[in-house]
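What follows is each chain in one-letter form.
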Amino acid sequence: MATGLGVGVRRSSFEPEPDCAIAQSLGVIGDGWELLIVRDLARGLDRFDQLAESLHISRKVLAERLTGLLDSGIVERSAYQDRPTRYAYRLTPRGRALLPVLVALQDWGDRWLLGDGSLTGTNTDDEPPAHRIHQLTGHRVPEITLPSTAGTTLDVVDTDARATVLFGYPATGRPTPLPDGWSEIAGASGCTLENRLFAARYDEFAAERIAIRGVSTQRPDEQRAFAASEEIPHPLLSDLELELAAALRLPTFRAGGYERLKRVVLVVGPDRVVQAVRYPVTDIAEAVEWAIRTA
């Protein structure tokens, strides 16, 4: 894998700015197709045919862009079939480091291109982020492990359970105070209540062999302190690096300096396939009831 300034730069137009990291980065990943390939690899689409079908791109163009990403050290491949040889593609650590960029770009597009520019922690049923999230039904959740309040990394899906309820939430206010103006952001408040309501029904979920996973973009130590103070029995997962947000194209909003998940509830089967989606979540208590009724 190549290293150093200007790795994999293929566009000579950026050569006059060798010390500008933005120009150098655009030389590697400035093509729209390349960013969309990274997006789909994050979603778990790792075969050439899967990428071609998802992107509606010619096989020639896809092969060229994959070659560029391989040369840049953003993607690596491994053979899964001989005669003829076929490859599976995956993001390298350098490639995964682009996921926060993708999520930030999605957030910017949701707010400024698909929305009216207002800062919001939720959406209406007829807005594009809601359409995108409901399209997850029937799709597979990639194998992603995240730091948890259990002190280990956990798969976002409990494949030993009959179903997993995976709920994303923006942030709790303990131990780290919430940003100024948090209560004025529609849909942002209510995370402590949501965790308390899921915790209160924990035994009911467990009796039905339904696992609960809460996820936010807060640091693991913040989640552990909150879980201890509230005696939360279900694991909380930290998507600080936005791996799950990128994989599922979850809606986010930026507050207090980083991306926060908008409130969403997914029911996922042991085969990792999304069975049902609740978004937007306008009534937290009703959404918890919906989760145990639907899973």
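Residues numbered from 1 in each chain as written. Predicted model: local features only at pLDDT ≥ 70, side-chain atom pairs only at ≥ 80, totals over all residues. Heavy atoms only, no water.

What to know about the packing of aromatic side chains
Item 1. Taken as a whole and judged by the stated rule, the model has four aromatic pairs.
Item 2. Taken together, a centroid distance of 4.3 Å and an interplanar angle of 15° make the contact between F167 and F198 stacked. Of this pair, F167 sits in strand β5 (residues 163-168) while F198 sits in helix α8 (residues 191-200), and the two are 31 residues apart along the sequence. The two residues F167 and F198 agree in class, both being buried.
Item 3. With 5.9 Å between their ring centres and 40° between their planes, F198 and F205 make a pair best called tilted. F205 carries the same exposure label as F198, and that label is buried.
Item 4. Members of the aromatic cluster, each reached through a chain of ring pairs, are F167, Y169, F198 and F205.
Item 5. In this structure, R47 is placed above the aromatic ring of Y80, and the distance from its NZ or CZ to the ring centre is 3.7 Å. (Phe/Tyr/Trp six-rings, centres within 6.5 Å; stacked < 30°, edge-to-face > 60°. Helix = DSSP H or I, 4+ residues; strand = E, 2+ residues; numbered from the N terminus. Buried < 20%, exposed > 50% of the residue type's maximum accessible area, 1.4 Å probe, protein only. Lys NZ or Arg CZ within 6 Å of the ring centre and 35° of its normal.)

Re empty space enclosed by the protein
Item 1. Counted according to the given criterion, the structure contains one cavity of 30 Å³ or more.
Item 2. Estimates place the volume of the largest cavity at around 30 Å³.
Item 3. Along the walls of the largest cavity sit L166, G168, V215, L244, L248, L250, V264 and L266, which together make up its complete lining.
Item 4. Elements with a contribution of two residues or more to the lining of the largest cavity: β5, α11 (243-248) and β10 (264-268).
Item 5. Here the residues of the lining of the largest cavity are counted per class, giving seven nonpolar, one polar and no charged. (1 Å grid on protein atoms, 1.4 Å probe; cavity = no way out; pocket = protein on both sides within 12 Å on 5 of 7 lines; lining within 4 Å. Points joined across faces, edges and corners; volume = space filled by probe spheres on them. Nonpolar A, V, L, I, M, F, W, Y, C, P; charged D, E, K, R; others polar.)

Some points on the layout of surface pockets
Here the idea is plain: a probe the size of a water molecule rolls over the atoms and shows the empty space left.
Item 1. Looking at the largest pocket, its volume works out to about 900 Å³.
Item 2. Taken together, 28 residues form the lining of the largest pocket, with L41, R43, G44, L45 and P142 sitting closest to its centre.
Item 3. Looking at the lining of the largest pocket, the elements that each hand over two or more residues are α2 (32-42), α3 (48-55), β2 (86-91) and α11.
Item 4. Among the residues making up the lining of the largest pocket, the classes are represented as 13 nonpolar, five polar and 10 charged.

Remarks on the pairing of β2
Item 1. For strand β1 (residues 75-81) and β2, the ladder comprises six bridges, and the chain directions are antiparallel. From the neighbouring strand, E76 faces β2, where its bridge partner is R90.
Item 2. Between β1 and the antiparallel strand that follows it, β2, lie four residues; R83 among them carries a positive phi value of about 50°. (Pairing = 2+ DSSP bridges.)

Quick notes on the pattern of salt bridges
Item 1. All chains considered together, the criterion is met by 22 salt bridges.
Item 2. A salt bridge links D221 to R219; the nearest nitrogen and oxygen atoms lie 2.9 Å apart.
Item 3. Through salt bridges with shared partners, a single network forms among D31, K60, E64 and R65. (Salt bridge = Lys/Arg side-chain N within 4 Å of Asp/Glu carboxyl O.)

Description of the sheet that holds strand β6 (residues 210-216)
Consider a sheet: its strands pair through backbone hydrogen bonds, and that pairing is either parallel or antiparallel.
Item 1. Taking strand neighbours across the sheet as the criterion, the five strands line up as β7-β6-β5-β10-β11 in an open arrangement whose pairing is mixed. What marks the edges here is a single partner per strand, and that holds for β7 (236-238) and β11 (274-278). For this sheet the average axis-to-axis angle between neighbouring strands, irrespective of direction, equals 25°.
Item 2. For β6 and β7, the ladder comprises three bridges, and the chain directions are parallel. Looking across to β7, one finds that V215 is bridged to L237.
Item 3. Against the sheet, α8 touches β5, β6, β7 and β10, its axis set at about 160° to β5.
Item 4. Packed on one face of the sheet, helix α12 (residues 284-294) meets β5, β6, β10 and β11 and runs near 165° to β11. (Axes fitted to C-alpha atoms, helices over the stretch in contact; angles between N-to-C directions. Contact = heavy atoms within 4.5 Å.)

Examining the side chain of D40
Item 1. For D40, the location among the structural elements is in helix α2.
Item 2. A polar contact is formed between the side chain of D40 and the side chain of R39, at a distance of 2.8 Å.
Item 3. If sequence neighbours within four positions are ignored, D40 has contacts with L45, L51, S54 and L55. (Polar contact = N/O pair within 3.5 Å; in protein donor to acceptor, adjacent residues only side chain to side chain.)

Brief notes about the pairing of β5
Item 1. Across the six residues of β5, six count as buried, placing the element largely inside the fold.
Item 2. In terms of strand pairing, β5 meets β6 through six bridges, oriented parallel. Paired with G168 across the two strands is V215, which belongs to β6.
Item 3. Bridge count between β5 and β10: five bridges; the pairing is antiparallel.

Comments concerning unusual backbone geometry
Item 1. Cis rather than trans, the peptide bond between R83 and P84 has omega equal to 0°.
Item 2. Mapped onto the elements, P84 comes out in the loop between β1 and β2.
Item 3. Each neighbour pair has its own omega, and for Y279 with P280 the value is 0°, a cis peptide bond.
Item 4. Following the sequence through the fold, P280 ends up in the loop between β11 and α12.
Item 5. The phi torsion at E231 lies on the positive side, around 55°, for a residue other than glycine.
Item 6. Within the secondary structure, E231 sits in the loop between α10 (220-230) and β7.
Item 7. On the basis of relative accessible area, E231 is assigned to the exposed category, the value being 69%.

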